[in-house]
Amino acid sequence: MKSYIISWILVAILSALAEFLIPGGRGGKLTGYVRYVAGLCILISLVPTISEGVGYIRDLSTDVSMNLIFDEAYADHHLHFMSYLSEVTQEEYETWLLNTLEEQFGITREDCEITVTMDQEGEVPMLASVGIGLSGKALLVDPHRIEGYVREKLSVACTVYAM
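Here the structure is a predicted model, which is why all the values come from computation and not from measurement.

Attention shifts here to the overall build of the protein. Along the backbone of the protein there are four helices and three strands. The order of helices and strands in the protein, counted from the N terminus, is α-α-α-β-β-α-β. Every one of the 163 residues in the protein was classed for burial, and the buried ones make up 27%. Restricting the contact set of the protein to residue pairs at least 6 apart, pairs at least 24 apart contribute 54%. A total of about 11600 Å² of accessible surface is found on the protein, and carbon and sulfur atoms cover 64% of it.

Below is the structure:
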């Protein structure tokens, strides 16, 4: 900004000096042309300042509009995600776990019991922990593999025990 001010002062001084040095004094024919050229020089020296200001305003408006877009997108995604989570019930987790244990480990529904604990604090009930009770042939399956699989898929604590 300081350089722009210096350039304006220099243009103003040079235009005054040119007007002073022209033949015929202040009332001569060339005075109007010198003032016209001096005015053009001052306008040309203002162009970089104006373009920088317009660029700054454009960048500012782009940042603000992008923030608004991202905020709205986040809010929409958050609402959609929360509504989905509220629809996932304890019974659905138990059903999914029973099906998964049968597919992944060959454990039948008769040989296992699922206990799902939901955390009711906050906006939406969230899965807190899973307990899996095994009996019969299911006791032959490595419980650490089952715990690891459930922890990986659901990101919650899992306890496997014998019934």
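On to the environment of V156, then. Summarising the element assignment, V156 is placed in the loop between helix 4 (143–154) and strand 3 (157–162). What makes V156 buried here is its relative accessible area of 11%. Along the primary structure V156 and V130 are separated by 26 residues, whereas in three dimensions their C-alpha atoms are 7.2 Å apart. Ignoring sequence-local partners within four residues, the contact set of V156 consists of L127, A128, S129, V130 and R151.

Taken together, the eight bridges between strand 1 (residues 112–119) and strand 2 (residues 126–134) define a ladder with antiparallel strand orientation. Considered in strand 2, the bridge of E113 is made with G133. Relative to strand 3, strand 2 is paired through six bridges, and the arrangement is parallel. Looking at strand 3, one finds that G133 is bridged to Y161. Crossover connection from strand 2 via helix 4 to parallel strand 3: handedness right-handed.

Okay, the side chain of S135 next. Within the element layout of this structure, S135 appears in the loop between strand 2 and helix 4. The buried category is assigned to S135, whose relative accessible area is 17%. Contacts of S135, omitting those with residues within four sequence positions, involve E110, D111 and M163.

Turning our eyes to something else, we now look at the sheet that holds strand 3. Ordered by their spatial adjacency, three strands build an open sheet running 1-2-3, and the pairing between neighbours is mixed. Pairing within the sheet leaves two strands with one partner each, and these edge strands are strand 1 and strand 3. Along the sheet, successive strands turn relative to each other by an average axial angle of 15°, direction set aside. Running over the sheet, helix 3 (residues 90–105) touches strand 1 and strand 2 and is turned about 145° from strand 1. Sheet contacts for helix 4: strand 2 and strand 3; angle to strand 3, the most-contacted strand, approximately 155°.

On to the side chain of T100. Of note, T100 is situated in helix 3. Overall, T100 belongs to the buried group, its relative accessible area being 8%.

Geometry of an aromatic ring pair is reported as the spacing of the ring centres plus the angle between the planes. Counted under the stated rule, the structure contains one aromatic pair. Relative to Y149, the ring of F105 has its centre 5.7 Å away and its plane inclined at 85°; by these criteria the two rings are edge-to-face. Separated by 44 residues along the polypeptide, F105 in helix 3 and Y149 in helix 4 bring together distant segments of the chain. Here F105 and Y149 have matching classes, each one buried.

In a regular helix each residue adds 1.5 Å, so twelve residues correspond to 16 Å; helix 4 covers 16 Å between its end C-alpha atoms and thus fits that length. Buried residues of helix 4: I146, E147, Y149, V150 and L154, and no others. In a view along the axis of helix 4, the buried residues occupy a sector of 165°, so they form one face of it. Facing away from the buried side of helix 4 by over 90 degrees, the exposed positions are H144 and E152. In this structure, the buried side of helix 4 is in contact with helix 3, strand 2 and strand 3. For helix 4, the N-terminal cap is D142; the gap from its side-chain oxygen to the backbone nitrogen of H144 is 3.2 Å. Count one or two residues on from helix 4 and you reach S155, which has phi positive near 55°.

Criteria and cut-off values
Residues numbered from 1 in each chain as written. Predicted model: local features only at pLDDT ≥ 70, side-chain atom pairs only at ≥ 80, totals over all residues. Heavy atoms only, no water. Helix = DSSP H or I, 4+ residues; strand = E, 2+ residues; numbered from the N terminus. Buried < 20%, exposed > 50% of the residue type's maximum accessible area, 1.4 Å probe, protein only. Contact = heavy atoms within 4.5 Å. Areas by Shrake-Rupley, 256 points an atom, 1.4 Å probe, with all protein chains shown as cover. Pairing = 2+ DSSP bridges. Right-handed = clockwise from strand over helix to strand, strands pointing away. Axes fitted to C-alpha atoms, helices over the stretch in contact; angles between N-to-C directions. Phe/Tyr/Trp six-rings, centres within 6.5 Å; stacked < 30°, edge-to-face > 60°. Expected span 1.5 Å × (residues − 1). Arc of directions from axis to C-beta. Polar contact = N/O pair within 3.5 Å; in protein donor to acceptor, adjacent residues only side chain to side chain.

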